[in-house]
Amino acid sequence: MYEEYFNLSCRPFDLSPDPRFLFMTEQHSRAVANIKFALANRDTFVIITGEIGIGKSTVLNSVFDELGNDYVTAKLTHTTLTHIELLQALLSAFGMPMYTKKKVLLLDTLRTFILKKHKQGKHVVIVVDEAQNLNMPALEELRLLSCIDSGDRKLLSIVLTGQRGLDDLIDAPNLAQLRQRTRLRQRLETLTESETFAYIEHRMEVAGTDGESVFEPEVIKEVHRLSFGVPRLINTLCDTALMCCMVEKESTVTLETIDTVVHELRWQWFEDRDQEKSSRKMNREKVQTETPITLTISRSGQFVEEVQTQGVPFIVGRRASNDLVLIDKEISQRHALIDCIAGIYVIEDLNSTNGIFVNGKRRSRALLRDGDVISIGELDVTFHADTDFHSDDPDSGESAEISSFDKASSSAAVADESDDGLETSDTQNLEVN
């Protein structure tokens, strides 16, 4: 791999858990402390939520590595279970496999086990990962199990971790009793830009080198922007970037490297934003970007026209119903789409005949940054937009936007729409001859 090429002792961005690379932000440290406190106080329910790859497992592993012998734990990761299968899975996790469907026998065996451990001076903890997949009967079964006590204290703590859907599930009206038993409920947010800098630097130092010597500051800003501050995505992007550098015999990761990696990984920010995509398609409405997009059009180096818009998605092609009409024999009726999702601008080829080129490279889909040149037929379109409008300011709304994570594009929805669906009231119908 690339370890020898960069003089590293190991892969700094390997996705497999490794305690050497443990990086705790303020919120992760706070979550660890809160969970320890809750378990020490024998709290009934602890709920930790966050997007995929945000570090929930890292937090739990850090807690349970330090709990000691006074706790007996069972962890469930497969959660698409009926309430009977849940009880069977718990018994199996505690080392007592029992696959009878007799609920009374299953419950009696669990209760006997919990009481026995209590008499031995141990506290039983059940950890349910991906808890957003639990159905209502299974959740109710967990709530009833939490009622087991010795008369003066609770004998069981249940830690639920999951994605955003777990918050919605717990907030359901019929789970009021479970919510009342929950004293600790914390949501882990994505890393800020400064935390992303520290995260990458930390992992590179552990691997034996200085992060700044490999990743330029502007590259780390771009990594943060494209990964939404999600540690797992940061790892994927950086790991592949280092591999790409080794293949290309480059000593540092550049913005061009990142573009190549995104293209090779075929990252699509539209896959998880189904709700937004459906909403756009249903309402036929555009989303207003925070800053205007300016497109400077030229032919053979000669200025033709400048177009400005804040509405996305933005369709380019020869058809009169497009947002930007470009007349050229090599341009298709609906040639390309420009979109902006959570501050990330992308252009996508809409199956055109002659394709699109970004900074001289043919792309079916590409990131767009201020100053990029899009070649469509014989026309060059220079893209201008201030893409650096995320900040670490907690009041800026970054977390709320990013954490739908929900990183995604509506381009597929737009590409499938009928002509009538594209002829919205804000279509510019600008023609360049």
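Everything below is about the structure printed above this text.
Please read these numbers as outputs of a predicted model, since none were measured by experiment.

(A) Examining the overall build of the protein more closely. Counting its regular elements, the protein contains 15 helices and 17 strands. Taking contacts inside the protein between residues at least 6 apart in sequence as the whole, the part at least 24 apart equals 67%. Within the structure as shown, the protein displays about 19,800 Å² of accessible surface, and the carbon and sulfur contribution to it stands at 47%.

(B) Spotlight on the packing of aromatic side chains. Overall, the coordinates contain six aromatic pairs when judged by the stated rule. Summarising the aromatic geometry, the rings of Phe13 and Phe215 are spaced 6.0 Å apart at their centres and angled 85 degrees between planes, so their arrangement reads as edge-to-face. With a gap of 202 residues between them, Phe13 in the segment before helix H1 (26-40) and Phe215 in the loop between helix H8 (193-207) and helix H9 (217-227) connect regions that are remote in the sequence. We classify Phe13 as buried; its relative accessible area is 1%. An angle of 40 degrees between the planes, with centres 4.6 Å apart, marks the rings of Phe94 and Phe113 as tilted. Residue Phe94 is located in the loop between helix H3 (83-93) and helix H4 (103-119), and its partner Phe113 is located in helix H4; the two are separated by 19 residues in the primary sequence. We classify Phe94 as buried; its relative accessible area is 11%. Taken together, Tyr2, Tyr5 and Phe6 form an aromatic cluster joined through their ring pairs.

(C) View of H9. H9 sits mainly inside the fold: eight of its eleven residues count as buried. Where H9 is concerned, the buried positions are Val219, Ile220, Glu222, Val223, His224, Arg225, Leu226 and Ser227. After H9 finishes, the residue Phe228 shows a positive phi value of roughly 60 degrees.

(D) Inspection of the packing of H9 against helix H11 (residues 255-265) at higher detail. Where H9 meets H11, the axes come as close as 9 Å, and the angle between the chain directions of the two elements is 25 degrees. By the angle between their directions, the pair H9 and H11 is classed as roughly parallel. Residues Glu218, Val219, Glu222, Val223 and Leu226 of H9 form the contact with H11, whose participating residues are Leu255, Ile258 and Val262. For the contact of H9 with H11, a count of residues per class yields six nonpolar, no polar and two charged.

(E) Local environment of helix H5 (residues 136-145). Every buried residue of H5 is listed here: Ala138, Leu139, Glu141, Leu142, Arg143 and Leu145. N-cap assignment for H5: the residue whose side-chain oxygen lies 2.8 Å from the backbone N of Ala138 is Asn135.

(F) View of unusual backbone geometry. Although it is not a glycine, Ser300 sits at a positive phi angle of roughly 55 degrees. Looking at where Ser300 falls in the secondary structure, it is placed in the loop between strand S6 (287-299) and strand S7 (302-312). Positioned with a positive phi, Asn351 is a non-glycine residue whose angle comes to about 55 degrees.

(G) Representation of the environment of Met96. Along the polypeptide, Met96 turns up in the loop between H3 and H4. For Met96, a relative accessible area of 24% gives the class partly exposed. When the C-alpha positions of Met96 and Phe113 are compared, they lie 9.4 Å apart, and in sequence the two are 17 residues distant. The residues contacting Met96, other than those within four sequence positions of it, are Leu91, Thr109 and Phe113.

(H) Region of interest: the side chain of His224. Checked against the element boundaries, His224 lands in helix H9. Within the structure, the side chain of His224 is placed 2.9 Å from the side chain of Thr196, a separation counted as a polar contact.

(I) Looking closely at the pattern of salt bridges. Tallied over the full model, the rule gives 20 salt bridges. The salt bridge involving Arg185 is made with Asp167; its shortest N-O contact spans 3.5 Å. Here Asp167 lies in helix H6 (residues 164-170) and Arg185 lies in strand S5 (residues 182-188), a separation of 18 residues in the sequence. Arg185 sits in the partly exposed class, given a relative accessible area of 35%. The shortest N-O distance in the salt bridge between Glu222 and Arg369 comes to 2.9 Å. Note that Glu222 is positioned in helix H9 and Arg369 in the loop between strand S14 (365-368) and strand S15 (373-376), a separation of 147 residues in sequence.

(J) Spatial organisation of the side chain of Glu3. Summarising the element assignment, Glu3 is placed in the segment before H1. No salt bridge forms around the buried Glu3; measuring N to O, its nearest opposite-charge neighbour Arg11 is 5.2 Å away. Apart from the residues lying within four places of it in its own chain, the contact partners of Glu3 are Leu8, Cys10 and Arg11.

What counts as what
Residues numbered from 1 in each chain as written. Predicted model: local features only at pLDDT ≥ 70, side-chain atom pairs only at ≥ 80, totals over all residues. Heavy atoms only, no water. Helix = DSSP H or I, 4+ residues; strand = E, 2+ residues; numbered from the N terminus. Contact = heavy atoms within 4.5 Å. Areas by Shrake-Rupley, 256 points an atom, 1.4 Å probe, with all protein chains shown as cover. Phe/Tyr/Trp six-rings, centres within 6.5 Å; stacked < 30°, edge-to-face > 60°. Buried < 20%, exposed > 50% of the residue type's maximum accessible area, 1.4 Å probe, protein only. Axes fitted to C-alpha atoms, helices over the stretch in contact; angles between N-to-C directions. Parallel < 35°, antiparallel > 145°, perpendicular 65-115°, else oblique. Nonpolar A, V, L, I, M, F, W, Y, C, P; charged D, E, K, R; others polar. Polar contact = N/O pair within 3.5 Å; in protein donor to acceptor, adjacent residues only side chain to side chain. Salt bridge = Lys/Arg side-chain N within 4 Å of Asp/Glu carboxyl O. Lys, Arg positive; Asp, Glu negative; His and termini not counted.

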